[in-house]
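Chain residues, written in single-letter form:
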Amino acid sequence: MFTTTLSHPSPQFNQIPNDLFTAINQLKKELNAVILAHYYQYPDIQDIADFLGDSLSLSQQAASTNADVIVFAGVHFMAETAKILNPDKLVLLPDLEAGCSLADSCHPDIFAQFKAQYPDCIVVSYINCSAAIKAMSDIICTSSNAVKIVKQLPKDRPIIFAPDRNLGKYVMEQTGRELILWQGSCIVHEIFSERKLIQLKIENPRAEIIAHPECETAVLRHADYIGSTTALLKYCQQSSSNEFIVATEPGIIHQMEKVASTKHFIPAPAMNNCACNECPHMRLNTLEKLYLAMKFKQPEIILDTSIMIAALRPIQKMLELSR
Ligand code: 13P
Ligand code: SF4
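Rules used in this analysis
Residues numbered from 1 in each chain as written. Chains lettered and ligands numbered in written order. Predicted model: local features only at pLDDT ≥ 70, side-chain atom pairs only at ≥ 80, totals over all residues. Heavy atoms only, no water. Phe/Tyr/Trp six-rings, centres within 6.5 Å; stacked < 30°, edge-to-face > 60°. Buried < 20%, exposed > 50% of the residue type's maximum accessible area, 1.4 Å probe, protein only. Helix = DSSP H or I, 4+ residues; strand = E, 2+ residues; numbered from the N terminus. Near = heavy atom within 4 Å. Polar contact = N/O pair within 3.5 Å; in protein donor to acceptor, adjacent residues only side chain to side chain. Areas by Shrake-Rupley, 256 points an atom, 1.4 Å probe, with all protein chains shown as cover. Nonpolar A, V, L, I, M, F, W, Y, C, P; charged D, E, K, R; others polar. Contact = heavy atoms within 4.5 Å.

Turning to the packing of aromatic side chains, a few remarks are in order. Per the counting criterion, the structure on display carries six aromatic pairs. An angle of 70° between the planes, with centres 5.6 Å apart, marks the rings of Phe114 and Tyr118 as edge-to-face. Relative accessible area serves as the criterion here: at 29%, Tyr118 is assigned to the partly exposed category. Look at Phe244 and Phe265: their rings are 5.5 Å apart centre to centre, the planes differ by 15°, and that puts the pair in the stacked class. Linking Phe244 in strand 11 (residues 243–247) with Phe265 in strand 12 (residues 264–267), this pair joins segments that are 21 residues apart in sequence.

The immediate surroundings of ligand 1 are formed by His38, Tyr40, Asp54, Ser55, Tyr126, Asn128, Ser143, His189, His212, Glu214, Ser228 and Thr229. The contact in question runs from an oxygen atom of ligand 1 to an N or O atom on the side chain of Ser55, over 2.8 Å. Take Ser143: an N or O atom from its side chain is 2.8 Å from an oxygen atom of ligand 1. Protein chains bury 96% of the 300 Å² of accessible surface belonging to ligand 1 in isolation. Looking at the shell around ligand 1, its residues break down into two nonpolar, eight polar and two charged.

It is worth spelling out the environment of Leu96 at this point. Relative to the elements of secondary structure, Leu96 occurs in the loop between strand 4 (90–92) and helix 5 (101–104). With relative accessibility at 10%, the residue Leu96 sits in the buried group. Remark: the alpha-carbon pair of Leu96 and Leu181, spanning 85 residues in sequence, is separated by 29 Å.

For the rest of this paragraph, the subject is the side chain of Ser185. Within the secondary structure, Ser185 sits in the loop between strand 8 (179–181) and helix 10 (194–203). When neighbours within four sequence positions are excluded, Ser185 is seen to be in contact with Ser101, Leu102, Ser105, Pro163, Asp164, Arg165, Asn166 and Glu190.

Don't take any of this as a statement about function, it's just geometry.
This is the structure in structure tokens:
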């Protein structure tokens, strides 16, 4: 369903240099490129990025960069947002298959029918959605500004919130506003087990539970702190606690251990004994693919111009209301 073309040039995999860090830094200079990365990326990608952040700060960086090329180490909807903000720039995604279960849960044709049932509604869409859904929205939000944005909307208008029902429920609780929810969810954040979390807390009574608002209410009700990835990172730096149970994708623990090296971070347990709390989409990007993307200037994000124009307005509105 992606409106992009070009798959990865796999035969070139035998052209990968030994010192990838040096090679990537060299390409960065040659291309005047910036590498933007999300906290759920592998540690080596986080370490080579020019900027690491949550969805809001990555969008803000994309909106203000002077680079000619944006290499987006994240998932498709994030790279699409960078492209919408920079239609004339080359935006590369190391693996074009790096999607998002939440974004995929909201098909544009079905969402158009859903929206048509509520003609007076303001449509607030979480940034984890496709460019086509953004184009049908009035305003975009992220996990770090959803509450702030919904609080600023006119009280006399009903609101559709899509696609994440868990973030939507959290926003309802925080704002006291009734939202019409699209029933999407994230496969990673829904996998945490409340029962195992309680058990882990009993075993580690001094640990604070910190959680992303994409988690289910049953998990969030045990959290000492709820926030976006950047907010969770700041919280464990500032808190007087030395131990944290982290209910979000465990890639962020690499940064947590960097910024709070004396503290201890325990990933929240999944329902089964798998590594299902690792985002399979985010983890499709590797340092090798990032190098190849820069060397061959593909895979590139290409979007329909009319969708980009329509999607820009609600993204800009979010950036204005987040200042
Ligand atoms: P953040 O904006 O909090 O980084 O969330 C992005 C995401 O995809 C969470 O699953
Ligand atoms: Fe999408 Fe969930 Fe992965 Fe975030 S963690 S990119 S919401 S599937």
